[in-house]
Amino acid sequence: MTTEASKVPSYLVGMGCAVDMEGEKRYNSGMFRFWLKPGEKANIVFLSDGNDVPCIWEHQVMLYKKGKKDYNNYFTCLQSTFGSCPLCDYSTEFETCWRQKVQLFTILNLNGYFSKKLNKQMPYSRQILTAKKATSEILMRKYAARLDQNQRLRGAQFAAFRGSDSKSPNVGTEFEFIKMVDLGQFPPDDVKVLDVNALAPNRDLMIRTCQILRGAANNTYSGAMAGHAGESTDDVVSVEYGDEHDGQLPQGNSAVE
Ligand SMILES: [Zn+2]
């Protein structure tokens, strides 16, 4: 029989060492980053406008989650808030995980997807389009073109296309304006822009992540880095390391490909 004493109140995640501390992530856990494979295209509608897009310095780190590579780990750089940043220090030392200046556009990706959770086909999803310098310049020209037509970027639908070059920005290389969309047809929550508070730096999580990266670097660092550094690409800059939670290294040779 379960006693009242052993029952965990609903406001607690859990008690003691059995608590799973996974999930302490930022907005990205709720909103996917938009990306295209080389040669792929998608219909997207901008929810951000050209003059209200948050821009931050950001680090991206590849972590192993349950033995699989997970690139969906983003950290707002701490330099401007704290005067120093553990991931900046790490990137200088290991020449990876450099911070990048990015604009985070909120979009609706009209390419549907199948939701396993809801067990049905969804017609669209709200996502973050991460624009680095080159992409930002393209999108700001698109924004200016909308203003010339007395329209806004918010509500504008584009066909985003990524060229076949695997080094091309993974959010697309061409954005062809299709039409203005009435956002009133969507539920209000579905057309909200990203809350900038979700971008606030998480110092504790970054420090813990750096400890793991350094531990892995000391044990398994082979000089091999996944991803591709460089200003011209939106690809991932990352480091290989063992699983965060059980301290074990990835199976087989998946650590270094
Ligand atoms: Zn930093």
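How each quantity is defined
Residues numbered from 1 in each chain as written. Predicted model: local features only at pLDDT ≥ 70, side-chain atom pairs only at ≥ 80, totals over all residues. pLDDT = per-residue confidence, 0-100. Contact = placed C-beta atoms within 7 Å. Core = buried A, V, L, I, M, F, W, Y, C linked by C-beta atoms within 7 Å. Buried ≥ 20, exposed ≤ 12 C-beta atoms within 10 Å, placed from the backbone. Helix = DSSP H or I, 4+ residues; strand = E, 2+ residues; numbered from the N terminus. Arc of directions from axis to C-beta.

Novice: Requested: an account of the confidence of the model for the chain, with residues and values cited.
Specialist: Interpretation of this model should avoid reading the predicted coordinates in detail wherever pLDDT is low. Taken as a whole, the chain shows an average pLDDT of 77; of its residues, 73% reach a score of 70 or greater. Residue range residues 23-29 is modelled with pLDDT below 50. Its contacts to residues more than four positions away, or to other chains, number 10 contacts. Counted against residues more than four places away or in other chains, residues 220-257, with its pLDDT under 50, gives 78 contacts.

Novice: Provide a residue-level description of the nonpolar core, including the pertinent values.
Specialist: Ranked by size, the top nonpolar core spans 24 residues in total, and within it Val 45, Phe 46, Phe 105, Ile 107 and Leu 129 carry the most contacts. When contributions to this core are tallied by element, the ones reaching two or more residues are strand S2 (41-46), strand S7 (100-109), strand S10 (125-131), helix H3 (133-148) and strand S11 (156-161). Element by element, the count of residues in this core is highest for S7, at five residues. Excluding anything up to four places from it in sequence, Val 45 contacts Ile 107, Leu 108, Leu 110, Gly 155, Ala 156, Gln 157 and Val 181. By size, the runner-up hydrophobic cluster in this structure holds 15 residues, among which are Tyr 74, Tyr 90, Cys 97 and Leu 213.

Novice: Report on unusual backbone geometry, specifying residues and quantitative values.
Specialist: In this structure, Glu 95 takes a positive phi of about 55° despite not being glycine. With respect to the helices and strands, Glu 95 occurs in the loop between helix H2 (86-94) and S7. Backbone geometry at Asn 119 places phi at a positive 55°, although glycine is not the residue there. Among the structural elements, Asn 119 can be located in the loop between strand S8 (113-115) and strand S9 (120-122).

Novice: Just give me the short version of H2, but keep the residues and values in it.
Specialist: For H2, the set of buried residues is Pro 86, Leu 87, Tyr 90 and Ser 91. An end-on view of H2 places all buried positions within 135° of arc, on one side of the element. Away from its buried face, by an angle of more than 90 degrees, H2 presents the exposed residues Asp 89, Thr 92 and Glu 93. Downstream of H2 by a residue or two, Glu 95 has a phi angle that is positive, lying close to 55°.

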